[in-house]
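Each chain, letter by letter, is given below.
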Amino acid sequence: MDNTFNIFYAKNKQLIDKHYSNFNIQRNKYILGFIGAFIAFIVLYFILMISLGFSITFLPTFVFIVLCGIVLSYLLYIALKREMIVENEKLIKEIVTYISHDKNASYEPNKRIKEDNIKEMELFDLNNLKYNGRNTILVNYKGNNMSFADMEVYYIKEKLVEETSYDDNGNKIVKQKIKKFKKYIFDGCYISATLNKRIAEHIYMIPNNISDLLLNGAIRDYITYSGDEVKLENLDLSKKYKVYSDDEIQARYVLSMSLMERINKIDNELSGKKYIVFKEGRRFVICLEDFKIEDLRKSTLPIIRNEEKEIESVKYIYSNILKLFKVYDILDLGNDLYVD
């Protein structure tokens with residue numbers, strides 16, 4: 001990967017320069033604005049002190065000036081970070097385009113995968129769950145359509161809590177209040193690709209560990225995969241997944257020994273817990289926990305340009321986006337091994 005990144009960085013160094021050029025224009029505007037605000041606050045302070053008849057002494061004035069400087073510096077940092085995130089969004093799209101060779105690739109940070117796509121998985125029951133997401137990437141890779149996006153599937157849980165306060169006489173007052181919070185069924189990245197041939201029935205690969213067994217046993221209304229369990233011949237894979245399908249013959253045909261070995265190899269690139277679905281039709285989906293495109297979006301170039309940190313930031317984004325595409329390459333999803 002280091003070699004491919006070095007080639008990308010060498011070919012696209014001018015793009016990084018352009019992002020910094022755009023950022024510097026906005027930075028200079030913000031700096032001038034915040035300097036003006038700082039001066040205005042100091043002038044306003046002196047006007048108020050004089051108009052109210054207070055004497056202007058060194059210590060209070062110094063403390064006020066320092067506090068103004070700290071608050072405005074923090075607000076300036078937030079504003080500059082926000083501007084750098086804008087440039088980072090452009091960089092993510094450029095990296096996606098470079099890896100995929102798809103000039104029409106799109107990255108929309110505020111857009112989520114269509115809810116119908118989630119329903120078609122027939123894995124999470126959206127009648128009882130809420131769905132949210134963002135950071136959608138749509139791209140054609142090696143002649144096949146792929147999509148990536150952050151995805152949250154959750155329900156709202158209520159908990160009775162006590163809040164303690166005291167009245168003016170020091171008497172203790174305890175009030176009970178219902179607090180609502182999200183309970184996540186899934187929180188991670190949605191990865192979808194087009195298969196080369198058609199799948200007749202859904203095939204589900206469900207994480208096989210104690211927490212999932214307890215989860216599925218306790219809230220079966222939320223996890224809705226169907227079919228009979230299909231025993232796997234690959235021992236390593238059977239330790240990680242349980243397979244379910246209404247068509248056992250097809251499931252065994254699709255999940256060949258070579259494909260199961262490839263699924264094992266994905267863990268070398270993406271180690272998070274995965275739900276894998278071969279959808280009826282021609283779509284393949286991995287729901288990968290502990291991976292968020294949002295983390296890449298916020299891992300911006302350094303605000304104060306530093307070549308070492310700059311390379312580190314770009315490499316982090318590049319290497320993680322490359323991992324998403326490697327799912328397709330490792331599994332060889334364009335192969336004709338699937339059923340008609």
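Look a little higher up for the structure.
Residues numbered from 1 in each chain as written. Predicted model: local features only at pLDDT ≥ 70, side-chain atom pairs only at ≥ 80, totals over all residues. Heavy atoms only, no water.

On to the packing of aromatic side chains. Tallying each qualifying case throughout the model produces 19 aromatic pairs. Taking 5.7 Å as the distance between ring centres and 20 degrees as the angle between the ring planes, the aromatic pair formed by Phe58 and Phe62 counts as stacked. A residue pair is termed a helical-turn pair when its members lie 3 or 4 positions apart in one helix, as Phe58 and Phe62 do in helix H3 (residues 58-100) at four residues. Exposure remark for Phe58: the relative accessible area of 66% places this residue in the exposed category. (Phe/Tyr/Trp six-rings, centres within 6.5 Å; stacked < 30°, edge-to-face > 60°. Helix = DSSP H or I, 4+ residues; strand = E, 2+ residues; numbered from the N terminus. Buried < 20%, exposed > 50% of the residue type's maximum accessible area, 1.4 Å probe, protein only.)

Moving on: a nonpolar patch on the surface. Taken together, Phe58, Leu59, Phe62, Val63, Val66, Leu67 and Ile70 make up a surface patch of nonpolar side chains, about 710 Å² in accessible area. Following the sequence through the fold, Val63 ends up in helix H3. (Patch = residues over 30% accessible without salt bridge, like charges linked within 9 Å, V, L, I, M, F, W, Y side chains within 5 Å. Areas by Shrake-Rupley, 256 points an atom, 1.4 Å probe, with all protein chains shown as cover. Salt bridge = Lys/Arg side-chain N within 4 Å of Asp/Glu carboxyl O.)

The next thing to look at is a negative patch on the surface. A cluster of acidic residues, Glu122, Glu201, Asp228, Asp246 and Glu280, forms a negative patch on the protein surface. In this structure, Glu280 sits in the loop between strand E8 (274-278) and strand E9 (281-289). (Lys, Arg positive; Asp, Glu negative; His and termini not counted. Charge placed at Lys NZ, Arg CZ, Asp CG, Glu CD.)

Judged by side-chain charge, Lys157, Lys159, Lys179 and Lys183 come together as a positively charged surface patch. When contributions to the positive patch are tallied by element, the ones reaching two or more residues are strand E3 (144-166) and strand E4 (172-199). You can see Lys179 is positioned in strand E4.

What follows covers H3. In this model, H3 (43 residues) spans 62 Å end to end at C-alpha, consistent with the 63 Å of a helix rising 1.5 Å per residue. Of the residues flanking the end of H3, it is His101, one or two places downstream, whose phi is positive at about 60 degrees. (Expected span 1.5 Å × (residues − 1).)

Moving on, we get to the nonpolar core. If you look at the biggest cluster of nonpolar residues, it comprises 64 residues, and the most contacted ones within it are Ile191, Leu255 and Phe278. In terms of residue count, the dominant contributor to this core is helix H10 (residues 307-331) (10 residues). In this structure Leu255 touches Ile203, Met205, Leu232, Val243, Met260, Ile263 and Phe278, once residues within four positions along its chain are discounted. Met151, Ile223, Tyr244 and Val277 belong to the second largest nonpolar core, which has 25 residues in total. (Core = buried A, V, L, I, M, F, W, Y, C linked by side-chain atoms within 4.5 Å. Contact = heavy atoms within 4.5 Å.)

With that out of the way, let us pick up the sheet that holds strand E7 (residues 241-245). The pairing of strands in a sheet happens through backbone hydrogen bonds and is either parallel or antiparallel. Strand order in the open sheet formed by nine strands is E1-E2-E3-E4-E9-E8-E5-E7-E6, with antiparallel pairing between adjacent strands. Sheet topology places strand E1 (106-108) and strand E6 (228-230) at the edges, where each strand pairs with a single neighbour. Averaged over all pairs of adjacent strands, the angle between strand axes in this sheet comes to 20 degrees, irrespective of strand direction. Both strand E5 (residues 203-207) and E8 contribute to a ladder of three bridges, which runs antiparallel. Note on E8: the bridge partner recorded for Ile203 is Phe278. (Pairing = 2+ DSSP bridges. Axes fitted to C-alpha atoms, helices over the stretch in contact; angles between N-to-C directions.)

Let us look at the pattern of salt bridges. For the structure shown, the criterion picks out 23 salt bridges. With a shortest N-O distance of 3.3 Å, Glu229 and Lys242 are connected by a salt bridge. Of the two residues, Glu229 sits in strand E6 while Lys242 sits in strand E7, which places them 13 residues apart along the sequence. Glu229 sits in the partly exposed class, given a relative accessible area of 32%. The salt bridge partner of Glu294 is Arg297, with a shortest N-O separation of 2.8 Å. Pair noted here: Glu294 and Arg297 are both in helix H9 (residues 293-298), with a separation of three residues, about one helical turn. Comparing Glu294 with Arg297, the two get one shared label, buried.

So, to be careful, I would describe these as geometric facts and stop short of saying anything about function.
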